[in-house]
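Coordinates in review
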Amino acid sequence: MRSSIARRAAVFGSAALLLLGPVAASAQADPVEPGVSGQAAKLPAELIDAIQRDLSLSPDQYLEHSELGQKLAEFAKIARIQFPDAFAGTWLDKAGTPIVGLADGADKDAAVAAAEKAGFQVKDVAQSESSLQAQVKSLDGWLDTQPPAVADLVRGVAIDIVNNDLVLRADNVGGLQLPDFLKGARVVQSPATAAPLPSTDLTPIAEPLPADALLGGDAYGSLGGGVGLRCSLGFNGTDSSGGPVNITAGHCDPNRDAAGTSEASEAFSLVPGGTGPRIGTFAKTSLDIHDYSIIRADDSAAHRFENNGVRVPGAAPVAITGTADPIVGAPVCKSGLTTGFTCGVVTSVAQTVSVGERTLADSFSTSMCALQGDSGGTIVTGTLALGISSASNVGQYPICQVADVVTFVLGESPELFATPINEVLAENPGLRVRTS
């Protein structure tokens, strides 16, 4: 891919940020255990297990780190405007400490005072965010001068906030020779699609099922253009007219060009041993830039989407209380039909990366394992909706334990790439995620 990668990447750091609001607790509360907050006590057991297994955090720590991440997001929105010469990004370190990176500049002293007043730790860095963005533009210009054999090696670029440098993604990591002004940049492997599961047995049955709710992370089948796929439901929501919808991945629509027409792909619930009744159709699908689909519920299935839950299929849910923006280091958990809940941290934000023939812009990456069938599933931080699962570098492996071993041997680690839910909402005025 030519310099369009770098052009899109030049907007890094300009993604809209949501101001942090109070996090509400679910109305259905279990008895609170001693030493455990009321909100933490409402997290489902499967999510708590994943938090402790993958993050070595208690439920309370998970929620606290998530909230700190959103406070950093709020600060970053203001700092980019008020301190453009010094601001270099925000992140949580491994201990959950909120960090603000600041470079030397005319406004640094004021930025330090603002960060410390907000309760954040300041870290001195060499380059401001605006300086790193200028390097991205320089990369764009350099790619324009290169032959396709060189330019097409660059499959993505992002600002590495923690290390205060750039990260480039390439299919052939060893084959890319960078110019002098990019000698400090890291080059890593490009991701592959977190593929849906192909299926040839998605034949609708005539008998209706009981009115069981459908939640984020539950399995569904899609049929369109003679192709069947199995994916994971994303966040339940409402469209501009108040109708029930589900926000899932664009690459889970097998007949994307027909979305919103009478030939649109159909979505079906999946049940043990086969396919359930139709639940809706694909009203809108986006694959390039932002990877998402909006499934509009059929009238007969509308009540099944009228909830704000996310879960391991068939288990107790966590209630979504709002939406969030990705912050490097913030804890995240994803749900999907293949691997259930897995957790990690945000590793990069506002990046552009090529996945096969498509480009993900404004995306974020996480240190989570996702496999075939997890496509379209939910990513949360705390109890806030964060993103939709889109691509993975380990999707070809049968189980996450194998993926962990293989990537460790290769000197890498599992990565899941996602489209931020707030980008989807901004692109679709009137679209809302259900919350409590």
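Our subject is the structure listed above.
Keep in mind that what you see is a predicted model, and the values were worked out from it rather than measured.

Each value, and the rule that gives it
- Residues numbered from 1 in each chain as written.
- Predicted model: local features only at pLDDT ≥ 70, side-chain atom pairs only at ≥ 80, totals over all residues.
- Heavy atoms only, no water.
- Core = buried A, V, L, I, M, F, W, Y, C linked by side-chain atoms within 4.5 Å.
- Buried < 20%, exposed > 50% of the residue type's maximum accessible area, 1.4 Å probe, protein only.
- Helix = DSSP H or I, 4+ residues; strand = E, 2+ residues; numbered from the N terminus.
- Contact = heavy atoms within 4.5 Å.
- Pairing = 2+ DSSP bridges.
- Polar contact = N/O pair within 3.5 Å; in protein donor to acceptor, adjacent residues only side chain to side chain.

What to know about the nonpolar core
By size, the foremost hydrophobic cluster in this structure holds 44 residues, and its most contacted members are Ile51, Phe235 and Ile421. Here this core gets 5 residues from one element, more than from any other, and that element is helix H3 (residues 45-55). Setting aside anything within four residues of it in sequence, one finds Ile51 in contact with Leu43, Ser56, Leu57, Ser58, Tyr62, Cys333 and Cys343. In terms of nonpolar packing, the next biggest core, distinct from the first, is built from 27 residues, Ile99, Trp142, Ala350 and Leu384 among them.

Comments concerning the pairing of strand E9 (residues 219-224)
As paired elements, E9 and strand E10 (residues 227-232) share 6 bridges and run antiparallel to each other. Bridged to Gly224 within E10 is Val227. The loop that links E9 with its antiparallel partner E10 comprises 2 residues; one of these, Gly225, has a positive phi angle of about 60°. Sheet analysis places E9 next to strand E13 (residues 266-271), joined by 4 bridges and oriented antiparallel. From the neighbouring strand, Ser222 faces E13, where its bridge partner is Ala267.

Observations concerning the side chain of Thr248
Note that Thr248 resides in strand E12 (residues 244-248). Within polar-contact distance, the side chain of Thr248 engages the backbone oxygen of Gly376 at 3.3 Å. Discounting residues that sit within four places of it in the chain, Thr248 has contacts with Tyr220, Ser232, Leu233, Gly234, Asp291, Tyr292, Ser293, Ile295, Gly376 and Ile388.

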